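# Structure assessment
Okay, here's what each chain looks like letter by letter:
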Amino acid sequence: AAAASLSSSQAVSVGVCGIPDRALKSNMADSDAAATLKKDTGIVIKDDWSGYSLDLFAYPEHYFEDLKSVYIPHGVIMDRTERLARNIMDDIGDHDIVVLCVLKGGYKFCADLVEFIKVLSRNSNKSLLMRVDFIRLKSYCNDQSTQDIQITGGEDLSLLSGKNVLIVEAIVDTGKTMQALLKHVEGFKPKMVKVARLV
């Protein structure tokens, strides 16, 4: 299951397009559908699910005392990120795109997503020109979310005017910061704004 399409200002979670490992599939089935796949919402993990056993994974020894289980394996995240890149290519076609990566948390997810888009673009009949810009947001004051956001970076956001914009964020918590960012970005009158989020 993967997000069918991206609509203007709609957040799309990285979900699962496939779980290649049979052990993970059977573990998922044995967990009484602990992780339920839903179209357009990605992967949903129930609150009472304890995760996959660490015996199924190789991980650095210095994490032995810190980890109890794995909720979403790296391969699943990468598969879903690739599927999301395909959805973006389908929705945007061969139109230029400006990617706004929200730092710091969104960097790795953004880098992976952009790389998948580049590979798909090279291996298809669509040519997608991308510009990647980085911004940082601050919406917390003394651990409390506020309505005001401070944006740093993004040298000149006026370049968003008339462009297709993809905002890439790792975690959307309450959604207040993203709503404020969308309102700010829409003030530059882009042609289209989409949001891709990991969680």
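Placed above this text is the structure.
Below you will find a few notes about this structure. (Residues numbered from 1 in each chain as written. Predicted model: local features only at pLDDT ≥ 70, side-chain atom pairs only at ≥ 80, totals over all residues. Heavy atoms only, no water.)

## What about helix H3 (residues 107-122)?
Each full turn of the α-helix corresponds to 3.6 residues, which orients residues three or four apart in the same direction. Our working rule: Runs of H or I in DSSP of at least four residues are treated as helices and runs of E of at least two as strands, each being numbered from the N terminus. In this scheme, a helix's expected span is set at 1.5 Å multiplied by one less than its residue total. Burial classification: accessible surface area is computed with a 1.4 Å probe over protein chains only, and a residue below 20% of its type maximum counts as buried, one above 50% as exposed, and the rest as partly exposed.
Taking 1.5 Å per residue, 16 residues should reach 22 Å; H3 reaches 22 Å between its end C-alpha atoms and fits that length. All of the buried residues along H3 are Phe 109, Cys 110, Asp 112, Leu 113, Val 114, Phe 116, Ile 117, Leu 120 and Ser 121.

## What to know about the environment of Ile 72
What counts is decided by this rule: Throughout, a contact is declared for two residues whenever any of their heavy atoms are within 4.5 Å.
Considering the arrangement of structural elements, one finds Ile 72 in the loop between strand S3 (42-45) and helix H2 (74-92). Along the chain, Ile 72 and Ile 45 lie 27 residues apart, while their C-alpha atoms are 9.0 Å from each other. Once residues lying within four places of it in the same chain are set aside, the contact partners of Ile 72 are Ile 43, Ile 45 and Ile 77.

## Quick word on the pattern of salt bridges
As a reminder, the rule being used: In what follows, salt bridge is the name for a side-chain nitrogen of Lys or Arg lying within 4 Å of a carboxyl oxygen of Asp or Glu.
Scanning the entire structure with this criterion turns up 4 salt bridges. Between Arg 86 and Glu 82 there is a salt bridge; the shortest N-O distance is 3.5 Å. Of this pair, Arg 86 and Glu 82 both sit in helix H2, 4 residues apart, roughly one helical turn. The partly exposed category is assigned to Glu 82, whose relative accessible area is 26%. Between Lys 108 and Asp 112 there is a salt bridge; the shortest N-O distance is 3.0 Å. A residue pair is termed a helical-turn pair when its members lie 3 or 4 positions apart in one helix, as Lys 108 and Asp 112 do in helix H3 at 4 residues. A relative accessible area of 54% means that Lys 108 is categorised as exposed.

## A few points about the side chain of Ser 69
Mapped onto the elements of the fold, Ser 69 is located in the loop between S3 and H2. Judged by its relative accessible area of 17%, Ser 69 falls in the buried class.

## Brief notes about the environment of Lys 163
Residue position: Lys 163 is located in the loop between strand S6 (144-153) and strand S7 (164-169). Placed 65 residues apart in sequence, Lys 163 and Val 98 show a C-alpha to C-alpha distance of 6.9 Å. Aside from chain neighbours lying at most four places away, what touches Lys 163 is Val 98, Pro 190, Lys 191 and Met 192.

## A look at the pairing of strand S4 (residues 97-103)
Defined as follows: Only strands that DSSP links by at least two bridges are regarded as paired with each other.
Across the 7 residues that make up S4, a large majority, 6, are buried. Pairing geometry for S4 and S7, over 5 bridges, is parallel. Bridged to Val 98 within S7 is Val 165.

## A closer look at the packing of aromatic side chains
Remark: the centre distance and the inter-plane angle together describe each pair of aromatic rings, the angle taken between the planes. So the rule is basically this: Each aromatic pair joins two rings of Phe, Tyr and Trp (for Trp, the six-membered one) with centres within 6.5 Å, and gets the label stacked for planes under 30 degrees apart, edge-to-face for over 60, and tilted for any other angle.
The full count for this structure, using the stated rule, is 5 aromatic pairs. With centroids separated by 5.0 Å and ring planes inclined at 90 degrees, the aromatic side chains of Trp 49 and Tyr 52 adopt a geometry described as edge-to-face. When sorted by exposure, Trp 49 lands in the same class as Tyr 52, which is buried. When the ring of Tyr 107 is compared with that of Phe 134, the centres are 6.4 Å apart and the planes differ by 40 degrees; the resulting orientation is tilted. Taken as a pair, Tyr 107 in helix H3 and Phe 134 in strand S5 (residues 130-141) lie far apart in primary sequence, 27 residues in all. We classify Tyr 107 as partly exposed; its relative accessible area is 46%.

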